[in-house]
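# Remarks on the overall topology
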Amino acid sequence: MPNKWNLDVTIPYKGLKETIGSCSFPPIGAILLSSPHAPPVFPAAAYVMAEISYSSPSAGDLTSYSATAPRPVKIIQLQHPTTSTTSTPPSSSFLGRWRGKMKRMTWVEWIELFLPCYRWIRTYKWREYLQPDLMSGITVGVMLVPQSMSYAKLAGLHPIYGLYSGFVPIFVYAVFGSSRQLAIGPVALTSLLVSNVLGSIVDSSEALYTELAILLALMAWMAYSIHQPFCDFWFTTASAIVIALSQAKYFLGYEIERSSKIIPLAKSIILGADKFLWQPFIMGSIILAIILTMKHLGKSRKSLRFLRASGPLTAVVLGTTFAKVYHPSSISLVGEIPQGLPKFSVPKEFGYVQSLIPTTVLITGVAILESVGIAKALAAKNGYELDSNQELSLGPLSNKGSGPVIWSGVANIVGSFLSVYPTTGSFSRSAVNHESGAKTGLSGIVMGIIMGCALQFLTPLFEYIPQCALAAIVISAVIGLVDYDEATFLWRVDKRDFLLWTITCTVTLFLGIEIGVLVGVGVSLAFVIHESANPHIAILGRLPGTTVYRNIQQYPEAYTYNGIVIVRIDAPIYFANISYIKDRLREYEIESDGSTRRGPEVTRVHFVIIEMAPTTYIDSSAVQALKDLHQEYKSRNIQIAISNPNRDVLLTLTRSGVVDLIGREWYFVRVHDAVQVCLQHVQRLNESPRTRSSLLENKASLFQRVLRQRQEEVSLSQLESGNREIDTSHLEPLLSKKA
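Residues numbered from 1 in each chain as written. Predicted model: local features only at pLDDT ≥ 70, side-chain atom pairs only at ≥ 80, totals over all residues. Heavy atoms only, no water.

### With respect to the overall build of the protein
The test is simple: Secondary structure follows DSSP: runs of H or I at least 4 residues long count as helices, runs of E at least 2 residues long count as strands, and numbering of each begins at the N terminus. Each residue's exposure class comes from its accessible area (1.4 Å probe, protein chains only) as a fraction of the maximum for that residue type: buried when under 20%, exposed when over 50%, partly exposed otherwise. The contact rule is simple, with two residues in contact once any of their heavy atoms fall within 4.5 Å. Shrake-Rupley sampling with a 1.4 Å probe provides the accessible areas, and residues are treated as covered by the protein chains on show and by no other component.
Regarding its fold elements, the protein presents 31 helices and twelve strands. A buried classification covers 50% of the 739 residues belonging to the protein. Residue pairs in contact within the protein that sit at least 24 positions apart in sequence constitute 78% of those at least 6 positions apart. Accessible surface, the protein: about 34,700 Å² in total, of which carbon and sulfur atoms supply 60%.

Right, here's the structure in full:
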């Protein structure tokens, strides 16, 4: 390769034009200017006049500080919205989406909207679905008959109202409900709530008690249409214990105090021990053992699955046969049950509405807890979407997954005119329905037919059912609610949730269901408020070999830069958490994060980069706090840079004047863009004024300046990668040293 070429090239460089004659250059120059196999072509666009793509205004500012003109960094231009821009485009608003969805809906979707059963009717596969639907409907229907009578007794009602409640709502939900396996009817928790609240108002033997229970069915589900409350009450374990103790009177043979607290129940059981009767205790224990054994065998072996559903029926048949044959006087029986279907009647006693409001909220919450959870799980297992069009039917009050509760509410409203007390989806019966192979809502219709047949033809036989047999059915059902596995899971996964579970369970046992629910909701809200007021804030570092910045605690290999702090706020910023965020930012400014640091050695923080990608919202209090923080940083010569704010957040900052206050050039699309800009400013802290002035006066040749330009590009590249340390013996501060 020749050592010298004759060049006659005119190149603009900082407003100057010079002609290069023949020149020699070291190997680095050869690499810079040319290939070894061809005459050199000077890459002016790439090196002399550094190309800037999507530059922000800050890029131009960077070159004005140094006579050596460091390479302007390549950053993506952040698009600033105008203050006249609306915060939410009309097309993305709820009303716009609602109108758009209505226009796109076909006539089939309109039918499915108001008649959800049409979804499975029009796609019904008769050969594939009919047999499993019939078998599952019969199985659960046989299970529902004795259970409904048992739960009615738990609610303090005559067993006939349990049969009514298992008959009417299940037909309504089969037609209008969106879940194809959810089994609607009386359940233990709602029955306990009905008994607990109505028992404090009127004696269960009076007709008013029944009227209020029916009114409660109407009220509870109208309340849902107004407000969807917090539903995860964490009190099922305590309620299961209370329910089991309340049924002890049918095993022991004597009356005990009606209460939802464990101490009065236990005290009443102990004080009445002298009235103990062994006959109902032996009979109830045997029936309970049979039911539990059949349930266990049905769960453990698929070939014996039918045993799980037939357990309650077996208990009723055995108990009724024994009572019919031997007529034991010491064992109380159900007694006469009216024959025939329920008659239409309007709920009465509206004067008690105010006193029933708290219970309506509780019952609605239990419905959400039971119905939504099991319906979503069953929909996922059976491969269909749950309640896809409910958003249109109930507007902003509905959401996906709320359909099971909405339509079980409709079932209760209709049922309240046919002597039904509050019902909801049942965990146990829905599980049996799914395990029995139910494919569509036809299984629910079959259940309703069985209940109708029982009301019309079998009620004379129910007269001889022992009360202890019904109590055994209730106890066997609530035993599954005492979930030890859930407690151990919470302890292993989240100690805070375990603490919530423990507090709610304990308070419910000793102070009652209402107080237990209130305490559970209160503690849950306290946890939510604490999390919201103390959001997660991460210090970000650069992953080696990438331009990706991640939490240094999660990625210990990530490194940070001296003089620059990068933080990510993983929450909306509003009045409740802005003080915490400001305190943490001050801490990060002072305390070392313990990560590997690279870049120029500086003595303090000069830049704070705030990554706002996870920040979905910022309110006026936070805006004012950002202004105060900017002024506080400015007094200490610290510059704030904002990275990747979303459209709404950036619009709020623009309208409030924060963008102009901080400077539009300090808003970036990427964290890496902000780091590059800040890093060049930090690098200039290592340049001496004397050095810069001598460079300005030096009449070096253009080629020498080009080589210096290239060396500084390499230097900056090394600086960004953290592989270069700069001598800091003489520093020129970027910001004036006022503080």
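### A short note on the packing of helix α14 (residues 278-300) against helix α15 (residues 306-326)
For clarity, the cut-off: Axes, fitted as lines to C-alpha atoms, cover a helix only where it is in contact. Angles between the N-to-C directions of the axes lie from 0 to 180 degrees. Note that the term roughly parallel is reserved for angles under 35 degrees, roughly antiparallel for angles over 145, roughly perpendicular for angles of 65 to 115, and oblique for everything else. In this scheme, a crossing is called left-handed if the near helix is turned counterclockwise away from the far one by less than a right angle; it is called right-handed if the turn is clockwise. Basically, the charged four are Asp, Glu, Lys and Arg, the nonpolar ten are Ala, Val, Leu, Ile, Met, Phe, Trp, Tyr, Cys and Pro, and anything else, Gly included, counts as polar.
The geometry of α14 relative to α15 is characterised by a closest axis approach of 8 Å and an angle of 160° between their N-to-C directions. Between α14 and α15, the angle falls in the class roughly antiparallel. Handedness of the crossing formed by α14 with α15: right-handed. Along the contact surface, α14 presents Met-283, Ile-287, Ile-290, Ile-291, Met-294, Lys-295, Leu-297, Gly-298 and Lys-299, while α15 presents Leu-307, Arg-308, Ser-310, Gly-311, Thr-314, Ala-315, Leu-318, Gly-319 and Phe-322. When grouped by side-chain class, the residues that make up the contact of α14 with α15 number ten nonpolar, five polar and three charged.

### Looking at the nonpolar core
This is how the line gets drawn: Working definition of a nonpolar core: buried Ala, Val, Leu, Ile, Met, Phe, Trp, Tyr and Cys residues. They are joined through side-chain atoms within 4.5 Å.
Among the nonpolar cores identified, the biggest contains 57 residues, and Ile-564, Ile-610, Leu-653 and Tyr-667 are the most heavily contacted of them. Examining the composition of this core, we find that seven residues originate from one element, helix α29 (residues 671-684), more than from any other. Residues contacting Leu-653, with those up to four places away along its chain left out, are Ile-618, Val-623, Leu-626, Val-658, Val-659 and Tyr-667. The next biggest cluster of nonpolar side chains, apart from the first, holds 45 residues, and it includes Tyr-151, Leu-189, Ile-256 and Leu-362.

### Some words on the UniProt feature "transmembrane region" (unreviewed entry) in the protein
Definition in use: UniProt positions are given in the numbering used here, feature names are shortened, and annotations may be inferred rather than shown by experiment.
Under the local residue numbering, the UniProt record ascribes the feature "transmembrane region" (unreviewed entry) to residues 158-176, 183-202, 208-226, 276-294, 404-421, 441-458, 464-482 and 498-529. Secondary structure content for residues 498-529 is 97% helix and 0% strand, and the end C-alpha separation is 18 Å.

### Description of the pattern of salt bridges
How we decide: By convention in these notes, a salt bridge is any Lys or Arg side-chain nitrogen within 4 Å of a carboxyl oxygen on Asp or Glu.
Under the criterion given, the structure shown has twelve salt bridges. Across the salt bridge formed by Glu-531 and Arg-496, the nearest N and O atoms sit 2.9 Å from each other. Remark: Arg-496 occurs in helix α23 (residues 495-511) and Glu-531 occurs in helix α24 (residues 513-533); sequence separation between them is 35 residues. Judged by relative accessible area, which is 42%, Glu-531 ranks as partly exposed. Notably, a salt bridge pairs Asp-570 with Arg-568, separated by 2.7 Å at the nearest N-O pair. Owing to a relative accessible area of 27%, Asp-570 belongs among the partly exposed residues under this scheme. Note on Arg-568: relative accessible area 17%, which makes it buried. Among the charged side chains, a salt-bridge network with shared partners connects Asp-583, Arg-586, Glu-589, Glu-632 and Arg-636.

### A word on the environment of Asp-570
To keep it simple, the criterion reads: Polar contact is the term for a pair of N or O atoms within 3.5 Å; when the atoms are in protein, one must be able to donate a hydrogen and the other to accept it, and sequence-neighboring residues count only if both atoms are side-chain atoms.
Structurally, Asp-570 can be placed in the loop between β8 (564-569) and α25 (578-590). For the pair formed by Asp-570 and Pro-614, sequence separation is 44 residues and the distance between their alpha carbons is 5.1 Å. Beyond its immediate chain neighbours, meaning those up to four positions away, Asp-570 contacts His-536 and Pro-614. Within the local environment of Asp-570, its side chain forms a polar contact with the side chain of Arg-568, the two groups lying 2.7 Å apart.

### Regarding the packing of aromatic side chains
In plain terms, the rule: What counts as a ring pair is set by centres within 6.5 Å for rings of Phe, Tyr and Trp (its six-membered ring), and what kind of pair is set by the plane angle: stacked under 30 degrees, edge-to-face over 60, tilted for all other angles.
Following the criterion strictly, the structure yields 14 aromatic pairs and no others. Seen from their ring centres, Phe-344 and Phe-417 are 5.8 Å apart, and the 5° between their planes marks the pair as stacked. In this pair, Phe-344 sits in the loop between α15 and α16 (353-382) while Phe-417 sits in the loop between α18 (403-415) and β4 (424-425), placing the two residues 73 residues apart along the sequence. Residue class for Phe-417 comes out partly exposed when judged on its relative accessible area of 26%.

### Quick notes on the side chain of Ser-426
With respect to the secondary-structure elements, Ser-426 resides in the loop between β4 and α19 (427-435). One polar contact links Ser-426 to Ser-428, side chain to side chain, over a distance of 3.3 Å.

### Observations regarding the pairing of β8
The following threshold applies: If DSSP finds at least two bridges between two strands, the strands pair.
For β8, the tally of buried residues reaches six of six residues, placing the bulk of the element in the interior. Summarising the sheet, strand β5 (residues 537-542) and β8 pair through three bridges and their orientation is antiparallel. Paired with Ile-539 across the strands is Val-567, a residue of β8. As paired elements, β8 and strand β10 (residues 607-611) share five bridges and run parallel to each other. In the sheet register, Val-567 faces β10, and the bridge partner there is Ile-610.

### Focus: a nonpolar patch on the surface
Our working rule: Within this analysis, patches are made of residues with over 30% relative accessible area and no salt bridge. Like charges are joined at 9 Å or less; nonpolar side chains (Val, Leu, Ile, Met, Phe, Trp, Tyr) at 5 Å or less.
On the surface, Phe-276, Trp-278, Phe-281, Ile-282 and Ile-286 cluster together into a nonpolar patch covering about 500 Å² of accessible area. In this fold, Phe-281 is placed in helix α14.

### What about unusual backbone geometry?
The phi dihedral of Asn-637 falls on the positive side, at around 60°, and the residue is not glycine. With respect to the helices, strands and loops of the structure, Asn-637 is situated in the loop between α26 (620-635) and β11 (639-643). With phi around 55°, Asn-644 is a residue other than glycine that occupies positive phi space. Topologically, Asn-644 is positioned in the loop between β11 and α27 (647-655).

### Comments concerning the confidence of the model for the protein
Detailed reading of the predicted coordinates is not advisable wherever pLDDT is low. The test is simple: A score from 0 to 100, pLDDT tells how confident the predictor is in each residue.
Averaged over every residue, the pLDDT of the protein is 77; the share at 70 or more is 75%. The low-confidence segment residues 1-69 (pLDDT under 50) makes 127 contacts with residues lying over four places distant or belonging to another chain. The low-confidence segment residues 224-233 (pLDDT under 50) makes 26 contacts with residues lying over four places distant or belonging to another chain.

### Focus on the environment of Glu-557
Inspection of the secondary structure puts Glu-557 in the loop between β6 (549-551) and β7 (559-561). On the basis of relative accessibility, which here comes to 45%, the residue Glu-557 falls in the partly exposed class.

### Structural notes on the pairing of β10
The cut-off we apply is this: Here a crossover is taken to be right-handed if, once the strands point away from the viewer, the path from the first strand over the helix to the second is traced clockwise.
Counting buried positions along β10 gives five out of five residues, so the element sits mostly inside the fold. Two elements, β10 and β11, share five bridges in a ladder whose sense is parallel. Across the sheet, Glu-611 pairs through a bridge with Ser-643, a residue of β11. Each parallel crossover has a hand, and the one from β10 via α26 to β11 is right-handed.

### Section: the side chain of Ser-136
Looking at the element boundaries, Ser-136 is found in helix α7 (residues 126-154). A polar side-chain atom of Ser-136 sits 2.8 Å from the main-chain carbonyl oxygen of Pro-132. Side-chain polar atoms of Ser-136 contact the backbone oxygen of Asp-133, separated by 3.1 Å. Not counting residues up to four positions away in its chain, the partners in contact with Ser-136 are Asn-433, Ser-436, Ala-438 and Ser-443.

### Concerning the packing of helix α11 (residues 236-246) against helix α21 (residues 467-479)
Direction vectors running N to C along α11 and α21 enclose 165°, while the axes themselves pass 9 Å from each other. For the element pair α11 / α21, the angle class is roughly antiparallel. Two packed elements cross with a definite hand, and for α11 against α21 that hand is left-handed. From α11, Ala-240, Ile-243 and Ala-244 reach across to α21, where they touch Val-474, Ile-475 and Val-478. Of the residues assigned to the contact of α11 with α21, the class counts are six nonpolar, no polar and no charged.

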